[in-house]
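Each chain, written out:
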Amino acid sequence: MNSGAPGPLVVGRVKFFGRHRGEVNSSAFSPDGQMLLTASEDGCVYGWKTQSGHLLWKLGGHTGPVKFCRFSPDGRLFASTSCDRTIRLWDVAEAKCLQVLKGHQRSVETVSFSPDSKQLASGGWDKQVMLWEVQSGQMLRHLEGHRDSIQSSDFEPSSDCLATGSWDSTIRIWDLRAGTPAVFHQELEGHSGNISCLCYSASGLLASGSWDKTIHIWKPSTRSLLVQLKGHVTWVKSIAFSHDGSQLASAAYSHMVKIWDCNTGKCLETLKGALDVAHACAFTPDGKLLVSGAAE
């Protein structure tokens, strides 16, 4: 689907990825859009060719359902999280596990890489945020403050800050610069439900999607809410800024995917019917919008 041209969104290609032995909990596209990861209730992570739908690999190792997965920005690694309380770091080229990160006391629900792919943040049901060094697997920081399970995370483009979203309905911005204490220095309030997804734009704006069915776009430096996006009828599962930051794509836990104007808050396009449940949306470097999800 190409969102760059005016006019209605057109579904250009639909591929079915149907070899899972359990429900798919999340999915993620590689930075170049050529690969799709799926995290399954069956305890495995699957890798697929986006264009052909060809299964590249099915990777076991987790001892519980896989809850979340994400590629590193350089495309060389991906991470998976599980109810087994671990994060696994994988090499994309060799499809092998490099590290098993242990420290969480309950299910790990979110993971995100720093822009340089050298650090990893994780959060989950234990209300803890953990910061890890990717190369060594060493835990660098342990951040406390959320009052409920952590569901989402994303690094600021400069890597100075990490945003986390929680079932406590707040977003916390953690200052990661050397020499600063490991405590949150900002709390963004305004949602009335779990913060299910977070995404920074290249310019440093922060978008948050929630179980309250809305999306907020914030300017974190001033703690100001710039625009509120309303129109989804179910909770927001995934959000993605276009590369120039002018548009935002959102996928709700339904058949509905929307494209928004970030300046006006106007919904530009709505895509319906291709999926029963949308899981992930992402813009490719050439401006196309990719969406993955479940279909009966």
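Residues numbered from 1 in each chain as written. Predicted model: local features only at pLDDT ≥ 70, side-chain atom pairs only at ≥ 80, totals over all residues. Heavy atoms only, no water.

Novice: Quick question: what am I supposed to make of the pattern of salt bridges here?
Specialist: Charged atoms that come close allow side chains of opposite charge to pair. Taken as a whole, this structure holds seven salt bridges when the rule is applied. Notably, a salt bridge pairs K67 with E109, separated by 2.9 Å at the nearest N-O pair. Separated by 42 residues along the polypeptide, K67 in strand β5 (residues 66-71) and E109 in strand β9 (residues 108-113) bring together distant segments of the chain. For E109, a relative accessible area of 7% corresponds to the buried category. Note that K96 and E94 form a salt bridge whose closest N and O atoms lie 3.3 Å from each other. We classify K96 as partly exposed; its relative accessible area is 40%. Accessibility expressed as a relative area gives 53% for E94, which makes it exposed. (Salt bridge = Lys/Arg side-chain N within 4 Å of Asp/Glu carboxyl O. Helix = DSSP H or I, 4+ residues; strand = E, 2+ residues; numbered from the N terminus. Buried < 20%, exposed > 50% of the residue type's maximum accessible area, 1.4 Å probe, protein only.)

Novice: What am I meant to see in the sheet that holds strand β7 (residues 86-91) here?
Specialist: What links the strands of a sheet is backbone hydrogen bonding, and the strands pair in either a parallel or an antiparallel sense. Overall, antiparallel pairing links the four strands, which are arranged β5-β6-β7-β8 in an open sheet. The open sheet terminates on both sides in strands that have one partner only, identified here as β5 and β8 (96-102). Averaged over neighbouring strand pairs, the angle between their axes works out to 20 degrees when direction is ignored. Bridge count between β7 and β8: six bridges; the pairing is antiparallel. Note that in β8 the partner of I87 across the bridge is L101. (Pairing = 2+ DSSP bridges. Axes fitted to C-alpha atoms, helices over the stretch in contact; angles between N-to-C directions.)

Novice: Would you take a moment to explain the nonpolar core for this structure?
Specialist: The nonpolar side chains of soluble globular proteins are, as a tendency, buried together. Residues L37, W57, L59, F71 and F78 are the most contacted members of the largest nonpolar core, which totals 14 residues. Every element with two or more residues in this core is listed here: β2 (35-40), β4 (55-59) and β5. Not counting residues within four places of it along the chain, the set of residues in contact with F71 comprises A28, F29, S30, P31, M35, L37, L77, F78, V92 and F113. (Core = buried A, V, L, I, M, F, W, Y, C linked by side-chain atoms within 4.5 Å. Contact = heavy atoms within 4.5 Å.)

Novice: Can you walk me through unusual backbone geometry in this structure?
Specialist: For residues that are not glycine, phi is negative in most cases, and the peptide bond is trans in most cases. Even without being a glycine, K127 presents a positive backbone phi close to 70 degrees. Mapped onto the secondary structure, K127 falls in the loop between β10 (119-124) and β11 (129-133). For K127, a relative accessible area of 36% corresponds to the partly exposed category. Unusually for a residue other than glycine, S159 sits at a positive phi of about 70 degrees.

Novice: Help me out: how do you make sense of the state of the cysteines in this one?
Specialist: Disulfides are covalent bonds that link the sulfur atoms of two cysteine residues. Scanning the entire structure with this criterion turns up zero disulfides. The cysteine C199 is free of any disulfide, with C281 supplying the nearest cysteine sulfur at 8.4 Å. For C199, a relative accessible area of 13% gives the class buried. (Disulfide = S-S within 2.5 Å.)

Novice: Any chance you could explain the environment of L225 here in plain terms?
Specialist: Along the chain, L225 falls in strand β20 (residues 224-230). Between the C-alpha atom of L225 and that of L206, which follows or precedes it by 19 residues, the distance is 9.6 Å. Aside from chain neighbours lying at most four places away, what touches L225 is H216, I217 and W218.

Novice: What am I meant to see in the confidence of the model for the protein chain here?
Specialist: Any region with low pLDDT has predicted coordinates that should not be read closely. Scored by pLDDT, the protein chain has a mean of 89; 88% of the residues are at 70 or more. Every residue in residues 1-14 is under pLDDT 50, and counting partners more than four places away or in other chains gives 25 contacts. (pLDDT = per-residue confidence, 0-100.)

Novice: Please clarify how the sheet that holds β9 should be interpreted in this entry.
Specialist: Read across the open sheet, the four strands follow the order β9-β10-β11-β12; overall the sheet is antiparallel. The sheet terminates laterally at β9 and β12 (139-143), the two strands that pair on one side only. For this sheet, the mean inter-axis angle between neighbouring strands, taken without regard to orientation, is 20 degrees. One ladder, built from five bridges, connects β9 with β10; its direction is antiparallel. Of the residues in β10, the one forming a bridge with F113 is L120.

Novice: Hey, could you run me through the environment of F29 in this one?
Specialist: Its place among the elements puts F29 in strand β1 (residues 24-29). Counting along the chain gives 262 residues from F29 to V291, while the straight-line C-alpha distance between them is 8.9 Å. Residue contacts for F29: discarding those within four places in its chain leaves M35, L36, T50, F71, A280, A282, L290, V291 and S292.

Novice: Explain the packing of aromatic side chains here, please?
Specialist: The geometry of an aromatic ring pair is captured by two quantities: the separation of the ring centres and the angle between the planes. One pass over the structure, following the stated rule, counts seven aromatic pairs. Judged by centre distance (5.8 Å) and plane angle (10 degrees), the rings of F78 and W90 are stacked. Pair noted here: F78 is in strand β6 (residues 77-82) and W90 is in strand β7, with a separation of twelve residues, a long-range link. The exposure class assigned to W90 is buried, which follows from its relative accessible area of 3%. Following the ring pairs from residue to residue traces out a cluster consisting of W57, F71, F78 and W90. (Phe/Tyr/Trp six-rings, centres within 6.5 Å; stacked < 30°, edge-to-face > 60°.)

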